[in-house]
Amino acid sequence: MTTLIIDILLWGSLIGVGFVAWRQDRTVLTVALRNGGMDFINVVPRIALGVIGSGFIAAIIPSSIIVGGLGPDTGWLGVAMSVLAGAATPGGPVVGFSIGAVALKSGAGTPQVVAYVVAWALFAFQRVILWEIPFMPARFVWFRCAVSVPVPFLAAAVAMITGKP
Amino acid sequence: MSVPDAKTEPAEERDDVEAGPPRKGKPFGWSTFIIAVLVAVSAALVWRRDGFDAVWAILFHDVSLFGEIMPRVLAGCLLGGLIAAVLPHDKVSKSLGPDSGLKGLLIGTAFGAILPGGPFTAYPVASALLAVGADFGATIAMVVSWTMIGYGRAVAWEMPIMGPDFTLWRILISLPMPVLAGAFGRFVYIRVRHRFGL
């Protein structure tokens, strides 16, 4: 259901922006679509490798290794380990959030889980290499990851201070 | 906007800011090679541990997943191409460029939060913004906002798996982060860009 809504929004905005381009100038539309199509052709081999290969990477990294250090009394060391674990987690959103949910249920501290989920969202290595670098200039991607490093620590600090979630 | 503008302006801008390396990697660059090796080793380990059937099951699952997301990747690439063509270069540089201040970071954040779709939309669109004059700071705010407060992943995956309580608090905590990351990025960028050839 949600994927259907996301698909509708995605194709809807594509048609909307396409209409704006068509109103400006029809050649703008064709040039833009051709450039987008070329990007697609360039990116497909890498996406194929990533998506088709990620299942194997996920299968050999056991989640117990990843959530091992997220206990409630681990403090800032636990937060740091969560950040590393988030960056090292392979696979798609199901894997990342499931590990977070398992960690919460098995008694991990919430600041550590917040740090894990945020770090995973920001710089899970597999997504960075397979999705972000194919689409964007590599120098931007590495810079973006480097300046995002404090963010999961900040999020964990806010979670510690507020006692939420 | 005339056609030559739409096509050449971003390209010229790219050549100005960047000496040498291509804007996007080749279809098979070094990162693809590393991943290919990683995938091959992982597949071999799965095969040794669980046998051929397990390898086949994972492969079948991932190939069908790939078939499912391909149309969305195409939509994302086309959206990126269209946004790069439609957005006026001068206005983007003004409202998302290096001198756009807090407002530029907030616009980037809002844009990332409302952008529909997954990585197949966010990264092509962010790349398009960079090409038409947004600076690193505003683009970082956009990408971080998409990852941390974008509704797509939160509604589709985080809510069902982590529960609404955790998800809503996590998003609330995340609200200021895109602006902070973007501001920090801008602060660092102007100090290191010459040293690292960024």
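Residue indices follow the written sequence of each chain, beginning from 1 at its first position. Naming scheme: in the order in which they are written, chains are lettered from A and ligands are numbered from 1. Local features in a predicted model are, by the rule used here, given only for residues with pLDDT of at least 70; side-chain atom pairs are given and counted only at 80 or more, and totals for whole chains, interfaces and linings are based on all residues.

**Q** Help me understand the interface of chain B and chain A in this model?
**A** Accessible area lost when the parts come together is the quantity often used to give the size of an interface. Note on contacts: each residue gets a C-beta atom placed from the backbone, and two residues are in contact if those atoms are within 7 Å. In this complex, chain B contributes 78 residues to the contact, which on the side of chain A involves 76 residues. Each helix corresponds to a stretch of at least 4 residues labelled H or I by DSSP, and each strand to a stretch of at least 2 residues labelled E; elements are numbered beginning at the N terminus. Mapped by element, the contributors of at least two residues to the side of chain B that touches chain A are helix H1 (3–17), helix H2 (30–50), helix H3 (52–86), helix H6 (119–131), helix H7 (136–149), helix H8 (151–162), helix H9 (164–174) and helix H10 (177–196) of chain B. The greatest single-element share of the side of chain B that touches chain A, amounting to 22 residues, is contributed by H3(B). Residues are grouped as follows: Ala, Val, Leu, Ile, Met, Phe, Trp, Tyr, Cys and Pro are nonpolar; Asp, Glu, Lys and Arg are charged; every other residue, Gly included, is polar. Looking at the side of chain B that touches chain A residue by residue, the class counts come to 54 nonpolar, 15 polar and nine charged.

**Q** Would you explain the nonpolar core in this entry?
**A** For soluble globular proteins, nonpolar side chains are generally found buried alongside one another. Each nonpolar core consists of buried Ala, Val, Leu, Ile, Met, Phe, Trp, Tyr and Cys residues. Their C-beta atoms, within 7 Å, join them into a set. A residue is called partly exposed when the number of other C-beta atoms within 10 Å of its own lies between 12 and 20, exposed at 12 or fewer, and buried at 20 or more, with C-beta atoms placed from the backbone. Ranked by internal contacts, the top residues of the largest apolar core, which has 99 residues, are Val118(A) and Leu129(B). With 13 residues, the top contributor of residues to this core is helix H2 (residues 26–60) of chain A. In this structure, this core is formed jointly by two domains, domain 1 (1–49) and domain 2 (61–165) of chain A, each of which donates at least three residues. Residues in contact with Val118(A), not counting those within four places in the same chain, are Val151(A), Pro152(A), Ala155(A), Met148(B) and Ser174(B). All domain edges in this entry derive from an automatic or database-based domain assignment.

**Q** What's the story with the packing of H2(A) against H3(B) in this structure? I'm lost.
**A** Helices that pack against each other are described as a pair by the angle of their axes relative to one another and the distance between those axes. In contact at an axis separation of 7 Å, H2(A) and H3(B) are set at 150° when each is read in the N-to-C sense. It follows from the interaxial angle that H2(A) and H3(B) lie roughly antiparallel. H2(A) and H3(B) meet at a crossing whose hand is right-handed. For helices, the fitted line uses only the C-alpha atoms of the stretch in contact; every axis is such a line through C-alpha atoms, and the angle between N-to-C directions lies from 0 to 180 degrees. Orientation labels follow simple angle bins: below 35 degrees gives roughly parallel, above 145 gives roughly antiparallel, 65 to 115 gives roughly perpendicular, and whatever is left gives oblique. Left-handed describes a crossing in which the near helix is turned anticlockwise from the far one by less than a right angle; the clockwise case is right-handed.

**Q** Help me understand the domain arrangement of chain A in this model?
**A** As far as domains go, chain A holds domain 1 (1–49) and domain 2 (61–165). Between domain 1 of chain A and domain 2 of chain A, the C-alpha centre-to-centre distance is 31 Å.

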